[in-house]
Amino acid sequence: MAEYVLPPVVLLRPGVARSVGQEVAGLGCRKVLIVTDRFLVEMGLAGRIQDNLRQAGVESVIYSGVNPDPTTGNVAGGIKLLKENGCDAVVGIGGGSALDCGKTVAYIGAAFPDDVPQAMRKPAAPGAGGLPFIAIPTTAGTGSEATQFVVITDPVAKEKMVIVNRHLMARLALDDPELTATMPPKMTAATGMDALAHAVEAYVSPNASPLSDALALKAVRLIGHNLRQAFAQGNDMAARTAMMEAQLLAGMAFNNAGVGYAHAMAHPLGARYHVHHGVCCSLLLPQVCAFNLSLVPERYAEIAAALGRDVRGLSAEAAAQQAVEAIVRLRHDLKLPERLSEVGAREEDLLSLAEEALHDRCALTNPRQATREEVARLYLGSGINF
């Protein structure tokens, strides 16, 4: 029997963020906590959202303490402000860091005391739903507005906690491609490759379903046809809209099927060296695909075709190899790092990174399981050159 977990409402069109006040008021919310980062406050975006809410009769207070790779301390800061101001909903504005932090604040802030790590590790209480969370993404990569996943770093335990809980789902998402138009090319590239990794890993997951397959393969096609253009011409709204749609579809795909070793390995790599998650996924995805393709060559052959490769007349294995080559080519065209040494990785750390990766829950849905030594070799094989 299938079980599908999908976001309640997603509105996707250029300019849709300007309807936030009307939409939030329609949910019956009267005072919201805006969770974002300092950059979006300085750019004025958080203030514009606040003005829009005010015009609809919704009060708000801004929490701008979100860091890249949000921590339990970031979550605690948001919860403190939420409780002090009696907020009845949370609006997250930003990339995956702000959305993950906002989702966590909305869920545990209403139901748990101050020990954030302990609260995050608790199973959901019966009937627990948290406060309504409204997501406004400003990047086209994480799909966080469509998922029951959050990744929060516990700096004391030196651990990236991957939490899966359907109560973390956004009540409403406003996916506005206009908000991604100011992303610099490097961020466009990294977030786009994150979305590709979501889609590819969901498509080859042992938990894949007809629903996740349809979502993932369409996302791969959209990325293959639009990411280079969004990278080269940031003001191309057609490409930006296609990438926003792609990351949403990829998010819904992995929300139901899971991801694999590229993500499991990216989490400790990003935490150890403070590297953007999308860059980590981009570095690791080709090697992980090569490791998996002997088990599911037909799936990788379909990915190759979705990325624009002509695989007619090729064996499944040869066509699958085309998927790896297409991903490597895309990464090169986007001018992303091609060797782990470029992001500061050290060879002596690889075994400990591999150990952490195997304990990451994303490793459970990789189609081929590996030993610690094999995962260390996957890190080594990812273009590393010491």
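Here goes a summary of the coordinates provided. As the structure is a computational prediction, the values presented were derived from the model and not from experiment. (Residues numbered from 1 in each chain as written. Predicted model: local features only at pLDDT ≥ 70, side-chain atom pairs only at ≥ 80, totals over all residues. Heavy atoms only, no water.)

## A closer look at the packing of aromatic side chains
According to the stated counting rule, one finds two aromatic pairs in the structure shown. Between F149 and F254, the ring centres sit 5.2 Å apart and the planes meet at 50°, which makes this aromatic pair tilted. A residue pair is termed long-range when its members are at least 10 positions apart, and F149 in strand β6 (residues 149-154) and F254 in helix α9 (residues 237-257) qualify at 105 residues. Judged on exposure class, the residue F149 and its partner F254 are both buried. Each ring, one from Y261 and one from F291, has its centre 6.3 Å from the other, and the planes form 35°; the classification is tilted. With Y261 in helix α10 (residues 261-273) and F291 in helix α11 (residues 277-292), the pair connects residues that are 30 residues apart, well separated along the chain. Above the ring of Y203, the side-chain terminus of R299 is found at 4.4 Å from the ring centroid. Taking the ring centre of F291 as reference, the NZ or CZ of R368 above it sits at 3.9 Å. (Phe/Tyr/Trp six-rings, centres within 6.5 Å; stacked < 30°, edge-to-face > 60°. Helix = DSSP H or I, 4+ residues; strand = E, 2+ residues; numbered from the N terminus. Buried < 20%, exposed > 50% of the residue type's maximum accessible area, 1.4 Å probe, protein only. Lys NZ or Arg CZ within 6 Å of the ring centre and 35° of its normal.)

## Details of helix α3 (residues 45-55)
Three or more residues of α3 are buried, namely L45, A46, I49, Q50, N52 and L53. Along the long axis of α3, the arc covered by the buried residues comes to 160°, so they all point the same way. Residues of α3 that are buried make contact with α1 (20-26), β2 (31-35), α2 (38-43), β3 (59-63), β4 (89-94) and β5 (133-137). (Arc of directions from axis to C-beta. Contact = heavy atoms within 4.5 Å.)

## Observations regarding the environment of A253
Along the chain, A253 falls in helix α9. Through-space distance from the C-alpha of A253 to that of A216 is 5.4 Å; in sequence the pair is 37 residues apart. Ignoring anything within four residues of it in the chain, the contact list for A253 reads A202, S212, L215, A216 and G258.

## Brief notes about the side chain of T147
Topologically, T147 is positioned in the loop between β5 and β6. Judged by relative accessible area, T147 falls into the buried class, the value being 1%. Contacts of T147, omitting those with residues within four sequence positions, involve K103, L168, M169, G251, F254 and N255.

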